[in-house]
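Topology and contacts: notes
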Amino acid sequence: YENTSIQSRRRAGRRYTVLLCVVFAVVAGWSLFWKYAADRAAALIADWKTREASIGRVYDCGSQSIAGYPFRIEVTCAPVAAEFRNFTPPLDIKLPRILVAAQIYQPTLLISEFDGPVAIGDPGKPPEFEATWTLGQSSVRGLPAAPERVSLVFDAPELDHIAGGKRETWLTAKHLELHIRRAAPSDDGKVGIETGLRLEQASIPGFHPAAAEPLDAVIDTVLRGVKDFAPKPWRTRFRELQAAGGSIEVTQARIQQGDILAVGAGSLSLNATGHLDGQIRVTIAGLEQFLDKIGAKEMVQTSPAMDKLAGALDRLAPGLGNAARQQLGNNLGAGINALGEKSMLEGRPAVSLPLRFDDGAMFLGPIPIGKTPALF
């Protein structure tokens, strides 16, 4: 019995020894594999930076480190400088730190986290814009040369415009998301990208004074006729879209600001001067408040068409033109309600009618309500 017990202990000891050797071999092998993957990542980053620099996009990293063992590759760069010399005019972006991570078993999904503030402006000059946030993240799926999807997510973002030593807030929000991915070709073969914008409690006085009051928005579009995902100014991308005979398909838009709620969908195009043409069918609950907020009464009363009509009426009877202006402004909401189609929107009375764009001029039904700037 004693010999049997000794032999059993020896066999158990050999099994433990073999097991330890296997574990050691696996750990050593995985460590060598991780080291190879980390070195490969460093080489790919260097090649990518060289390739990007050759086409005018220069990226500089103050110090670069690679960590994440055993299952991740984490690349930290601090500080970060990017100069887009191929932009017109050139653009310079600086931020304190960026961390890019990928799982070894899923290398085509890159998750990034970046610190603010980010400074944006012309190279060699003080920044024109500065953005901050409490959390900034991005994800990129696909190969670096041909990404399939890009997402940006910010908590508590704020964008300031700096000019003449003065700082003006253009955007603040509780939460902001922007998603971009390749779209399936349309029936006529045009490729494009899908964009999805999500805003929560966003104030955007830099866009329009009426947008200074917080709003929530969901806007999904398909840009037909764009060429690629490469970083470029939106003006350049819109110019390419127009040259290709492309379009901006608004597949879903929902905006809520206080008691005002609007939803819509439609298709827009760009003319040779960069202005919008096309139509979006919108349904609005709280129309009167919306018209007051955008100053529609004043826009209608001072429009060129109203000036012409008032002049003709004044020739018939002095003062008649001014009376007509006042009457039209006072009855603007009722007139648009009468022209639109009555409907319900999320349980509230609403009116549905076209929001039309003609060379950038906007018309809600037949009523002019403003003009959009040229997009290039």
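Please refer to the structure higher up on the page.
The present account deals with the structure reproduced in this document. (Residues numbered from 1 in each chain as written. Predicted model: local features only at pLDDT ≥ 70, side-chain atom pairs only at ≥ 80, totals over all residues. Heavy atoms only, no water.)

1. Here we look at the overall build of the chain
Put simply, the rule is: Numbering goes from the N terminus for both helices and strands, where a helix is a DSSP run of H or I of at least four residues and a strand is a run of E of at least two. Partly exposed residues are those whose accessible area sits between 20% and 50% of the maximum for their type, while under 20% is buried and over 50% is exposed, using a 1.4 Å probe and protein chains only. In what follows, residue pairs with any heavy atoms lying within 4.5 Å of each other are defined as contacts. All accessible areas in this document rest on Shrake-Rupley with a 1.4 Å probe, and a residue is counted as covered only by the protein chains that are shown.
Within the chain one finds 7 helices and 21 strands. The 376 residues of the chain split such that 34% are buried. Residue pairs in contact within the chain that sit at least 24 positions apart in sequence constitute 51% of those at least 6 positions apart. Counting only carbon and sulfur atoms, one obtains 61% of the accessible surface of the chain, whose full area is about 21400 Å².

2. Considerations on the environment of A217
In this fold, A217 is placed in strand 14 (residues 215-224). Of the residues examined, A217 reaches a relative accessible area of 6% and is grouped as buried. The spatial distance from the C-alpha of A217 to the C-alpha of L176 is 9.7 Å, given a sequence separation of 41 residues. Beyond its immediate chain neighbours, meaning those up to four positions away, A217 contacts L197, R198, L199, R254 and I255.

3. Let's talk about the packing of aromatic side chains
The test is simple: Pairing of aromatic side chains requires ring centres within 6.5 Å, counting the rings of Phe and Tyr and the six-membered ring of Trp. Pairs whose planes differ by under 30 degrees are stacked, by over 60 edge-to-face, and all others tilted.
This model, assessed by the stated rule, comprises 11 aromatic pairs. Look at W34 and Y69: their rings are 5.6 Å apart centre to centre, the planes differ by 90°, and that puts the pair in the edge-to-face class. Pair noted here: W34 is in helix 1 (residues 2-54) and Y69 is in the loop between strand 1 (57-67) and strand 2 (72-84), with a separation of 35 residues, a long-range link. With a centroid separation of 5.7 Å and an interplanar angle of 35°, the aromatic rings of W234 and F238 are classed as tilted. Of this pair, W234 and F238 both sit in helix 2 (residues 234-243), separated by 4 residues, roughly a single helical turn. Among the aromatic residues, ring-to-ring pairing joins W48, Y59, F84 and F87 into one connected group.

4. Description of the state of the cysteines
Think of a disulfide as a covalent bridge from one cysteine sulfur atom to another cysteine sulfur atom. What counts is decided by this rule: Any two cysteine sulfur atoms lying within 2.5 Å of each other are counted as a disulfide.
Scanning the model with the defined rule gives 1 disulfide in all. Between the sulfur atoms of C61 and its disulfide partner C77 the distance amounts to 2.1 Å. Residue C61 is located in strand 1, and its partner C77 is located in strand 2; the two are separated by 16 residues in the primary sequence. The residues C61 and C77 share a single accessibility class, namely buried.

5. A closer look at the nonpolar core
This is how the line gets drawn: We call a set of buried residues a nonpolar core when its members are Ala, Val, Leu, Ile, Met, Phe, Trp, Tyr or Cys and they connect through side-chain atoms within 4.5 Å of each other.
One finds I248, V282, F357, L364 and I369 to be the most contacted residues of the largest nonpolar core, which totals 29 residues. Sequence-distant contacts of V282, that is, excluding residues within four places in its chain, are made with V263, G264, V351, S352, L353, L355 and L364. By size, the runner-up hydrophobic cluster in this structure holds 18 residues, among which are F114, L171, L199 and A211.

6. With respect to unusual backbone geometry
Here the bond from Y69 into P70 is cis, since omega is 20°, no more than 30 degrees from zero. When you line up the elements, P70 lands in the loop between strand 1 and strand 2. Omega for the peptide link from G116 to P117 comes to 0°, which places this bond in the cis form. The phi angle at A156 is positive, at roughly 50°, despite the residue not being glycine. Counting through the fold element by element, A156 comes out in the loop between strand 9 (146-155) and strand 10 (158-163). Among the residues examined, A156 registers a relative accessible area of 34% and is labelled partly exposed. Unlike most non-glycine residues, Q201 shows phi in positive territory, near 50°. With respect to the secondary-structure elements, Q201 resides in strand 13 (residues 192-202).

7. Describing a nonpolar patch on the surface
Note the cut-off: Only residues whose relative accessible area exceeds 30% and that take part in no salt bridge are eligible for patches, with like-charged residues grouped when within 9 Å of each other and nonpolar side chains (Val, Leu, Ile, Met, Phe, Trp, Tyr) grouped when within 5 Å. For this analysis, a salt bridge means a side-chain nitrogen from Lys or Arg found within 4 Å of a carboxyl oxygen belonging to Asp or Glu.
A surface patch of nonpolar side chains, about 1100 Å² in accessible area, is lined by Y16, L19, V23, V27, W30, F33, Y36, Y69, F71 and Y105. Along the chain, Y16 falls in helix 1.

8. Let's talk about the pairing of strand 4 (residues 97-103)
Each regular strand shows side chains that alternate between the opposite faces of the sheet. Threshold: Any two strands between which DSSP finds at least two bridges are classified as paired.
In the sheet, strand 2 pairs with strand 4 via 6 bridges, with the strands oriented antiparallel. Bridged to T76 within strand 4 is L99. Bridging between strand 4 and strand 5 (residues 106-115) involves 6 bridges; their strand directions are antiparallel. The residue bridging A101 from the neighbouring strand is I111, located in strand 5.

9. Re helix 3 (residues 287-294)
Put simply, the test is: What the arc covers is the set of directions going from the helix axis to the C-beta atoms.
Looking at helix 3, one finds that the buried residues are L287, L291 and I294. All buried residues of helix 3 lie within an arc of 75° about the axis, which places them on one face of the element. Of the residues one or two after helix 3, G295 is the one with positive phi, at around 70°.

10. A look at the environment of A350
Position of A350 among the secondary structure elements: in strand 19 (residues 348-358). Taking relative accessible area as the criterion, A350 reaches 8% and is therefore assigned buried. Along the sequence, A350 and G340 sit 10 residues apart, while their C-alpha atoms lie 9.4 Å from each other. Once you skip the residues sitting within four places of it in the chain, A350 turns out to touch T283, I284, A285, E341, K342, S343, M344 and L345.

11. Comments concerning the pairing of strand 21 (residues 367-371)
In this structure, strand 20 (residues 361-364) lies alongside strand 21, joined through 4 bridges in antiparallel fashion. Its bridge partner lying in strand 21, M362 is registered against G370. In textbook terms, the turn of a hairpin is the stretch between consecutive antiparallel strands, and for strand 20 and strand 21 this stretch comprises 2 residues, one of which, G365, has a positive phi near 65°.

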